[in-house]
Every structure is written in structure tokens, then in C-alpha cells.
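This is what each chain is made of:
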Amino acid sequence: MSAALVAGSISLAVWLYLLICRGHFWLCAEQDDNLAPNCELAGRWPSVIAVVPARNEADGIEQSIHSLLQQRYPARFTILLVDDQSTDCTAARAEAVASHAGGGDRLTVIRGTDLPPAWTGKVWAMQQGLAYAGLQADPPDFVLFTDADIVHAPDVLKRLVAAACAREAVLISLMAKLRCESLAERISIPAFVFFFQKLFPFAWVNDPARRTAAAAGGCMLVRRDPLLRAGGLAAIRDALIDDCALAMLMKGQGPIWLGLTEKIRSHRAYPALGDIRRMVARSAYAQLRYSPLRLAATLAAMALVYLTPPLTALCTVGAARWVGVAAWALMAFAFQPTLRLYALRPIWSLALPLIAGMYMVFTTDSALQHWRGRGGAWKGRFQAAESRGAHNR
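Quantities reported herein were computed from a predicted structural model and do not represent experimental measurements.

> Break down the pairing of strand β2 (residues 77-83) for me, citing the residues and quoting the values.
A large share of β2 lies buried, amounting to 6 of its 7 residues. Both strand β1 (residues 48-54) and β2 contribute to a ladder of 7 bridges, which runs parallel. Its bridge partner being in β2, alanine 50 is matched across the sheet by isoleucine 79. The parallel pair β1 and β2 is bridged by helix α2 (residues 61-69), and the resulting crossover is right-handed. In this fold, β2 hands off to helix α3 (residues 90-100), which returns the chain to strand β3 (residues 107-111); that crossover is right-handed.

In C-alpha cells form, the structure reads like this:
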């Protein structure tokens, strides 16, 4: 048996496993349509505070704050913008849109303090928001952590809270519909969503009997008391991938739920592949726990799973070729629901091996940036070295 046939057969077996045995992640079935069909509570609606960490987000903060002010929620709901030492007019624009919308009394802006040792920037901003909520005379029942580039439909908060109460969940998270307009976004964003679901099958995340935990940082509704019992955000203070770290923390306290949605959208633009590269490189090596062995194993596995099928299909003959064609066909088939989610043509699925190769380059670049002391780059901060140091202590 030739090496090409062996490699192709292994790749085919992996794709059969992924389609059948990995939580059917590729179907994109875990969506918010069936999250809270009723959207009503028999008793009192809980109080909520939205915490929005923002660092130099003047270009988009108005849309995000306006969407929060428009929430049709039947109980106390306030908004806290944590201005993480922005050097632009982020805070002023947020206050202006609140004043214009008649919601100035519902928005509070606080200036973030200096980043302490062993904390990453976003988690420290979230912590300041959580601490502010706890100082209120009547602290909120829930905290909605949401990003400064996220726009929410008016009924989102009500649906999230109703779902959390109906499921007795300690965390409900929705993965925002990412912007997919530029060529770079059409190439990269659906694959990013596909890879994330493969790494953390949403059905497994939502199963209390499984340890798999993940969340999407753009929208995370958290019960405040269980979060405090779990140690608060200090327990994940060094996390670059803060959403998944928070999900793991909260799953130890009770059920969590993660799904896709059309009701929450990110307006952050990635006009060029370089922008996508920086987004991936920021945290990819952190996901591998800063391990060169994990990096090598990941790159080898991705080469086997994504690159072997087209190579054997196009460059071999006989049985190896047909095995490669079969594996490539399964790969393309699995990618179809994600492409439909982003309204892209099915033909894009044939490019998934090339896109996966591009992500392999981005992951390698993430490791290189870390080794150069420039890992975890975001808004002028390089946090990976500090994060790793805190993790190792």
C-alpha cells in the first residue's frame, strides 16, 4: 500500500469521524431560534447590567451603545462602558448617542485604571465593570458582557434572560454574525466559524454531562452570583481567550449554552488578509498553551486533514486518487451549512484546503510573534508573554 493511499485513507477516516461523531458541529444546528420560544417569565424579570469594554472604539461605539439603549427589556437594565484608557473620543461618542436617544440616565462611563500585573487588558476592563456592578445598592442579577463592535436586535436581551431562566443556565452566549463583505472576509470568516465549531462542538458545550466549554465574547450573559462563587474574573485574569476561559469557569457552576444567531452582528471590518492574520495571530498560540509540540502536532494534523485530500486527488492515480476525491468531497460537503449561513456560493467549499493552509500560516505567525515578545497584540498592547508568565506561576 502506497504512502499516498495510507495518508488519504487516514484523512478520509478523519472526515467520516468529524461528520458522524463530533457533535454534528458542521450542521450549524445550535441556533437561537429555539433558544427561548416563549420569551416570557411567570415571575419577576431579573435586573441586568451590560458591561462594554472599549479601547479606541470611536468608529463603531455609537452603533453598539444605541442598540443596547433600544433593548425592549421589561425590568431594570443599565449600561456601563468601561473606557479602557482610549486615546480617541470613544467615551464622548458613547455619551453623545445616549443623550441623543434619551438614555443618558441608563449609560454610565467609567475610565479604566492602569493594567495590573498578570491581567490581560479585556479581562481587567470586564473586572472593573463587574466590580462597579457589585457596588450598587441593589446589584444586578445578570451581567451582559458584550463587545464595542457588536450590534444587538431589540429583543435580544429579553430572549437571553428568558432562556437563562428557563434552562437554569449560568451562562448564555451567542456567536455574533461576523462581517463578511470584503474578499478577505469571504475567504476567511466562514472558515473561522467552521473551525471554531469543530474545536468546540456547540452541542457538546450545551450538554451538562460533557466537559467541553466555550463561549463567544461578543455576547455573554452571566449570572453574577455563580460567577462570584467561582472566584470572579480574577480566576481567568491571565486569559487571552477570555470567552472560552469564562465558559470553562462557569460550566463548573451549572449549565451553559452557546449558539449561532442572526440577531447579533459584528460591524468590525477586516478589509485585507493582513487584518485577518492579526486577528488569528493574537490568540492562536495561546490556544495551544504556548507549546511548540502542540504547534507542530496541530500543523501536522491540519496538513493531513485538509491538504492531503486535494493533493492525493490531483497528484496521484488509482485507489489513492479516489480516496482523496472522497475525502475532499466530504470536506466540501461539511462546509456547506456554514457557507449558507454567510450566503456564499457552494463553490467556495472547494477552496477550504487553501484556506486551511492560510490559517496554518497564521498560526505559525502567532507563535513567531510570541517568541519575539509581540504576542497577544491588541490596541497597542502585547500581552501573551505576561499571560504565559502568570499561567506558569
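Additional details are given in the paragraphs that follow.
> I'd like to hear about the pattern of salt bridges, residue by residue, with values.
Taken as a whole, this structure holds 16 salt bridges when the rule is applied. Note that arginine 268 and aspartate 149 form a salt bridge whose closest N and O atoms lie 3.5 Å from each other. Residue arginine 268 is located in the loop between β8 (256-266) and α10 (273-281), and its partner aspartate 149 is located in the loop between β4 (142-146) and β5 (150-152); the two are separated by 119 residues in the primary sequence. Each member of the pair, arginine 268 together with aspartate 149, is buried.

> Which residues make up the nonpolar core, and what values do they have?
With 85 residues, the main nonpolar core has Trp15, Phe145, Phe194, Leu246, Tyr306 and Tyr359 as its most contacted residues. Tallying contributions element by element places helix α14 (residues 352-371) first for this core, with 8 residues. When neighbours within four sequence positions are excluded, tyrosine 359 is seen to be in contact with Ser188, Ala191, Phe192, Phe195, Ile276, Val280 and Met302. Of all hydrophobic cores here, the second largest spans 38 residues; its members include Tyr73, Leu157, Leu160 and Ala164.

> Tell me about the environment of threonine 308, and name the residues and values.
Of note, threonine 308 is situated in helix α12 (residues 292-315). Classification of threonine 308 as buried rests on a relative accessible area of 13%. Put simply, threonine 308 and serine 283 are 25 residues apart on the chain and 26 Å apart in space, counted from C-alpha to C-alpha. Those residues in contact with threonine 308, other than ones at most four positions away along the chain, are Ala7, Gly8, Ser11 and Ala303.

> An account of the sheet that holds β4 is needed here, citing residue identities and associated values.
Here we have 8 strands laid out as an open sheet, ordered β3-β2-β1-β4-β7-β6-β8-β5, and mixed in their pairing. Strand pairing shows two members of the sheet lacking a second neighbour, β3 and β5, which therefore form its edges. Sheet twist, expressed as the average angle between the axes of neighbouring strands with direction ignored, equals 30 degrees. Pairing of β2 with β3 involves 5 bridges; the strand directions are parallel. Paired with valine 82 across the two strands is isoleucine 110, which belongs to β3. Helix α4 (residues 121-134) contacts β1, β2, β3, β4 and β7 (219-223) of the sheet and is inclined by roughly 150 degrees relative to β1. Lying over the sheet, helix α5 (residues 156-167) contacts β1, β2, β4, β5, β6 (171-177), β7 and β8, oriented at roughly 45 degrees with respect to β7.

> Residue-level account of the layout of surface pockets, with values.
Approximately 160 Å³ is the volume attributed to the second largest pocket. For the second largest pocket, the full set of lining residues is Arg44, Pro46, Pro139, Pro140, Asp141, Phe142, Cys165, Arg223, Arg224, Asp225 and Pro226. Per-element tally for the lining of the second largest pocket: the top contributor is helix α8 (residues 224-229), with 3 residues. Class assignment of the residues belonging to the lining of the second largest pocket gives a composition of 6 nonpolar, no polar and 5 charged.

> Tell me about helix α13 (residues 318-341), residues and numbers included.
Helix length check: α13, at 24 residues, gives a terminal C-alpha distance of 36 Å against a target of 34 Å (1.5 Å per residue), a fit within 8%. Along its length, α13 shows its largest kink, about 35 degrees, at phenylalanine 335, and proline proline 337 lies within four residues downstream of that point. Just beyond α13, the residue with positive phi is alanine 343, at close to 55 degrees.

Thresholds applied
Residues numbered from 1 in each chain as written. Predicted model: local features only at pLDDT ≥ 70, side-chain atom pairs only at ≥ 80, totals over all residues. Heavy atoms only, no water. Buried < 20%, exposed > 50% of the residue type's maximum accessible area, 1.4 Å probe, protein only. Helix = DSSP H or I, 4+ residues; strand = E, 2+ residues; numbered from the N terminus. Pairing = 2+ DSSP bridges. Right-handed = clockwise from strand over helix to strand, strands pointing away. Salt bridge = Lys/Arg side-chain N within 4 Å of Asp/Glu carboxyl O. Core = buried A, V, L, I, M, F, W, Y, C linked by side-chain atoms within 4.5 Å. Contact = heavy atoms within 4.5 Å. Axes fitted to C-alpha atoms, helices over the stretch in contact; angles between N-to-C directions. 1 Å grid on protein atoms, 1.4 Å probe; cavity = no way out; pocket = protein on both sides within 12 Å on 5 of 7 lines; lining within 4 Å. Points joined across faces, edges and corners; volume = space filled by probe spheres on them. Nonpolar A, V, L, I, M, F, W, Y, C, P; charged D, E, K, R; others polar. Expected span 1.5 Å × (residues − 1). Bend = angle between axes of the 7 residues up to and from the residue.

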